[in-house]
Amino acid sequence: MDNIEQYIEALIFASEQSIRSEEIIYCLQSAFSQDFSEDEISGYIQNITNKYHDQQFAIEVVKVSNGYQFLTKKNYHQVISLLQAQRSKKKLSQAALETLAIIAYKQPVTKPDIEQIRGVNCDYSIQKLLEKELIAIIGKSEALGKPILYGTSILFMDYFGINNINELPQMKDFTNNTASIGEESE
């Protein structure tokens, strides 16, 4: 089996979302009736990553959501963004973006909690986010009436290119310390 690396490369390429090492191992073991170790697969993935690190390729293998995915290199993001904007017919509304942000930062969170923060009904926004698979139902609260708990999905992490929720920007990342009123005292 000399071309295992090519099979792994094909699996990463064909996967719509990031593919985990365990999934790669399962596919290879099922296809070839041969055992593969996590270290062996990691070595092959490292070789593939090194191959696409070369400047002749516009894509690279990136670890996202504890899996691997082919993405375009940062040098090409501006052009890709234009394509995405042109093709994107159904963007998230401002209400859906606000709802998604609340869920991302406060998860697990109930619909009444979201509505209390936003001050308006969120039924439609939550339904659209569920349809787009950016959020998921992750359980039920122990509060009165046992409301549904919402959290972000793996697709959310893929979409935003993060491995876990802790990689979301924090409020301190958005503050601008240069803007102030009055004179500075030393």
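Before any of the text, the structure's been laid out above.
Here the structure is a predicted model, which is why all the values come from computation and not from measurement.

Reading guide: rules and limits
Residues numbered from 1 in each chain as written. Predicted model: local features only at pLDDT ≥ 70, side-chain atom pairs only at ≥ 80, totals over all residues. Heavy atoms only, no water. Axes fitted to C-alpha atoms, helices over the stretch in contact; angles between N-to-C directions. Helix = DSSP H or I, 4+ residues; strand = E, 2+ residues; numbered from the N terminus. Parallel < 35°, antiparallel > 145°, perpendicular 65-115°, else oblique. Contact = heavy atoms within 4.5 Å. Nonpolar A, V, L, I, M, F, W, Y, C, P; charged D, E, K, R; others polar. Buried < 20%, exposed > 50% of the residue type's maximum accessible area, 1.4 Å probe, protein only. Phe/Tyr/Trp six-rings, centres within 6.5 Å; stacked < 30°, edge-to-face > 60°.

Observations concerning the packing of helix 1 (residues 4-14) against helix 3 (residues 38-53)
Interhelical geometry of helix 1 versus helix 3 gives an angle of 75° and a closest axis separation of 10 Å. In this view, helix 1 runs roughly perpendicular relative to helix 3, as classed from their interaxial angle. Two secondary-structure elements touch here, helix 1 through Ile 4, Glu 5, Ile 8 and Glu 9 and helix 3 through Ile 41, Tyr 44, Ile 45, Asn 47, Ile 48, Lys 51 and Tyr 52. Classifying every residue of the contact of helix 1 with helix 3 gives 7 nonpolar, 1 polar and 3 charged.

Some thoughts on the environment of Ile 45
Here Ile 45 lies in helix 3. Classification of Ile 45 by relative accessible area gives buried; the value is 3%. Separated by 40 residues in sequence, Ile 45 and Glu 5 place their C-alpha atoms 7.5 Å apart. Excluding anything up to four places from it in sequence, Ile 45 contacts Ile 8, Ser 21, Ile 24 and Tyr 68.

Points about the packing of aromatic side chains
The relative placement of two aromatic rings is captured by the distance of their centres and the angle of their planes. In total, this model carries 4 aromatic pairs according to the counting rule given. On the numbers, 6.3 Å between centres and 65° between planes, the contact of Phe 13 with Phe 70 is edge-to-face. One end of the pair, Phe 13, is in helix 1; the other, Phe 70, is in strand 2 (residues 67-72), and 57 residues separate them in sequence. Between Tyr 52 and Phe 57 the ring centres are 4.6 Å apart and the planes differ by 50°, which places this aromatic pair in the tilted class. Take Tyr 52: its relative accessible area is 8%, and that puts it in the buried class. Taken together through their ring pairs, the aromatic side chains of Phe 13, Tyr 52, Phe 57 and Phe 70 make up a single cluster.

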